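Observations on the model geometry
Listed below are the residues making up each chain.
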Amino acid sequence: MTLPTADLGRTGLQVGRLGYGAMELRGPRAWGPPVTDDQAGTLLNAVLDSGMNLIDTSPDYGDAEEHIGRWISHRRAEFVLSSKCGCPMSASGAPRAQPPHDYTRTNIRAGVERSLRRMRTDHLDILMVHLNPSVALMRSEDTIAELLALRDEGTIRFTGMSGELPHLPDHLALGVFDVYLVPYSPLDLSHGDLITAAADAGAGTIARGSIARPLTPPPDVLPEPIRRPLADLHERLTAARLDDLADGASPMELLLRFLLGHPALDAVLVGSTRVAHVQANVAAARKGPLPPDVYDELRKRLAEPSIEFKPEE
């Protein structure tokens, strides 16, 4: 069986419904796991060999762009490449120490040029605005005008937004982004209707943060404001006790196939540093969406707990 594919909105790009999120290749200087050059090369080539043809990365992801350029730039025609803009780097080049994101035209162009050098390519298929800036901020910095200029020059092919609530509805209303990267998970369905709205408007839709984060406890090295929400997701997933669903399918498979059941979602990003994980994800995606009864039961078990308000005494 081949990996299921989808047309990425109006772009005309056909992508596997399972894409690779390269954040796991960021390395320790960007809060990531240790990754050797050889491990990165083996992993990235295994991704392409498995039929996954969508790779999403960012300048914020530590060493990820360098790994992509070093190990698979010679296979550039085989994959759709998406990266981000607005990402600053500190003077030392250490993402842990980076200043706030900068959405000015100058920084966006400089960042894209740096990404092209790192990944040894002459274009990005998709350039996404990173970290959900407001429409007002993008207008004040002329962000969108620079994206459109880069597109007209052929440096990028399509524009995108890595967005979420509360600003995502305003992003959609602009009607200028070709692709949306949106958080979506069986443990957090809050963006499901916005994915549908984006698809109805002709945009491509990709889910992020969907599977890996709740599967394992977050490392203690993460700052507490980041670690605590991830720990809460893991605790909810563990408490749901999913082992009896779908003939004992793994939680990873259940989560992934649940996501593939969203009719307006074109692709789901998964990330790992292990070839075995990539192969397991591909095998699960090849099975397609969950049966309706399993889908409904999974949704019920993972429903966010309601908040009980007690009257004041």
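Quick caveat, the model's predicted, so the values are computed rather than measured. (Residues numbered from 1 in each chain as written. Predicted model: local features only at pLDDT ≥ 70, side-chain atom pairs only at ≥ 80, totals over all residues. Heavy atoms only, no water.)

**Describing the overall build of the protein**
On a plain count of helices and strands, the protein comes out with 12 helices and 10 strands. Against the 2.2 N^0.38 benchmark of 20 Å for 313 residues, the protein shows a C-alpha radius of gyration of 19 Å, consistent with a compact globule. Principal axes of the C-alpha set define a box for the protein whose edges measure 55 × 50 × 40 Å. When the 313 residues of the protein are sorted by exposure, 53% land in the buried category. (Helix = DSSP H or I, 4+ residues; strand = E, 2+ residues; numbered from the N terminus. Rg over C-alpha atoms; globule rule 2.2 N^0.38 Å. Buried < 20%, exposed > 50% of the residue type's maximum accessible area, 1.4 Å probe, protein only.)

**Remarks on the nonpolar core**
Counting residues in each nonpolar core, the largest one holds 73 residues, and the members touching the most others are Tyr 20, Met 52 and Tyr 180. Here the element with the most residues in this core is helix H10 (residues 251-259); it accounts for six residues. (Core = buried A, V, L, I, M, F, W, Y, C linked by side-chain atoms within 4.5 Å.)

**Points about the environment of Val 135**
Mapped onto the elements of the fold, Val 135 is located in helix H4 (residues 135-141). Taking the C-alpha atoms as reference points, Val 135 and His 171, separated by 36 residues in sequence, lie 6.7 Å from one another. If sequence neighbours within four positions are ignored, Val 135 has contacts with Asp 170, His 171 and Leu 174. (Contact = heavy atoms within 4.5 Å.)

**Digging into the packing of H10 against helix H11 (residues 275-286)**
Direction vectors running N to C along H10 and H11 enclose 50 degrees, while the axes themselves pass 9 Å from each other. In terms of their interaxial angle, H10 and H11 are classed as oblique. Handedness of the H10/H11 crossing: right-handed. Contacts between H10 and H11 involve Met 252, Glu 253, Leu 256 and Arg 257 from the former and Ala 280, Asn 281, Ala 284 and Ala 285 from the latter. Here the contact of H10 with H11 is composed, by residue class, of five nonpolar, one polar and two charged. (Axes fitted to C-alpha atoms, helices over the stretch in contact; angles between N-to-C directions. Parallel < 35°, antiparallel > 145°, perpendicular 65-115°, else oblique. Left-handed = near helix turned anticlockwise from the far one by under 90°. Nonpolar A, V, L, I, M, F, W, Y, C, P; charged D, E, K, R; others polar.)

**Side note on H11**
Residue pairs three or four apart in sequence face the same way in an α-helix, which turns once every 3.6 residues. Taking 1.5 Å of rise per residue, 12 residues should cover 16 Å, and H11 covers 17 Å from first to last C-alpha, within 8% of that figure. If you check which residues of H11 are buried, you get Val 278, Asn 281, Val 282, Ala 284 and Ala 285. Angularly, the buried residues of H11 cover 160 degrees about the axis, an arc narrow enough to put them on a single face. Opposite its buried face, H11 presents the exposed residues Ala 276 and Gln 279, each directed more than 90 degrees away. In this structure, the buried residues of H11 make contact with strand S3 (18-21), helix H1 (37-49), H10 and strand S10 (267-270). Phi for Gly 288, located one or two positions after H11, is positive at around 80 degrees. (Expected span 1.5 Å × (residues − 1). Arc of directions from axis to C-beta.)

**Quick look at unusual backbone geometry**
Note that the residue after Leu 165, namely Pro 166, is joined by a cis bond; omega there is 10 degrees. Within the chain, Leu 131 stands out as a residue other than glycine whose phi angle is a positive 65 degrees. Note on placement: Leu 131 falls in the loop between strand S6 (124-129) and H4. At Asn 132, a position not held by glycine, the phi torsion is positive, near 60 degrees. Looking at the element boundaries, Asn 132 is found in the loop between S6 and H4.

**Quick word on the packing of aromatic side chains**
For any pair of aromatic rings, the description consists of the separation of the ring centres together with the inter-plane angle of the planes. A complete count under the given rule lists two aromatic pairs for this structure. Their ring planes at 80 degrees and their centres at 6.1 Å tell us that Phe 177 and Tyr 180 sit as a pair that is edge-to-face. Between Phe 258 and Tyr 295 the ring centres are 4.3 Å apart and the planes differ by 0 degrees, which places this aromatic pair in the stacked class. One end of the pair, Phe 258, is in helix H10; the other, Tyr 295, is in helix H12 (residues 292-301), with 37 residues separating them in the sequence. (Phe/Tyr/Trp six-rings, centres within 6.5 Å; stacked < 30°, edge-to-face > 60°.)

**Considering the sheet that holds strand S7 (residues 156-162)**
Whenever strands of a sheet pair, they do so through backbone hydrogen bonds, lying parallel or antiparallel. With parallel pairing, eight strands are arranged side by side around a closed barrel as S3-S4-S5-S6-S7-S8-S9-S10. With direction set aside, neighbouring strand axes in the sheet form an average angle of 30 degrees. For strand S5 (residues 80-85) and S6, the ladder comprises four bridges, and the chain directions are parallel. When the sheet's bridge partners are listed, Ser 83 is paired in S6 with Leu 127. Helix-sheet contacts for helix H5 (residues 143-153) involve S5, S6 and S7, and the interaxial angle to S7 is about 150 degrees. (Pairing = 2+ DSSP bridges.)

**Regarding the pairing of strand S8 (residues 179-183)**
Sheet faces and side chains relate simply in a regular strand, where the side chains alternate between the two faces. Burial of S8 is extensive: five of the five residues sit out of reach of the surface. Residue alternation in S8 divides its side chains into two sets, Val 179, Leu 181 and Pro 183 and Tyr 180 and Val 182, and both sets are buried. Alignment of S7 against S8, held across three bridges, turns out to be parallel. When the bridges of S8 are listed, Gly 160 appears paired with Val 179. A crossover links S7 with its parallel partner S8, the connecting element being helix H6 (residues 168-174), and its sense is right-handed. Strand direction decides the pairing type here: S8 and strand S9 (residues 204-208), joined by five bridges, are parallel. The partner of Tyr 180 across the bridge, within S9, is Thr 205. (Right-handed = clockwise from strand over helix to strand, strands pointing away.)

**What about H1?**
With 13 residues, H1 should cover 18 Å at 1.5 Å per step; its first-to-last C-alpha distance of 18 Å lies within 8% of that length. When we look at burial in H1, the residues that qualify are Ala 40, Gly 41, Leu 43, Leu 44, Asn 45, Ala 46, Val 47 and Leu 48. At its buried positions, H1 is contacted by S3, strand S4 (54-56), helix H2 (64-72) and H11.

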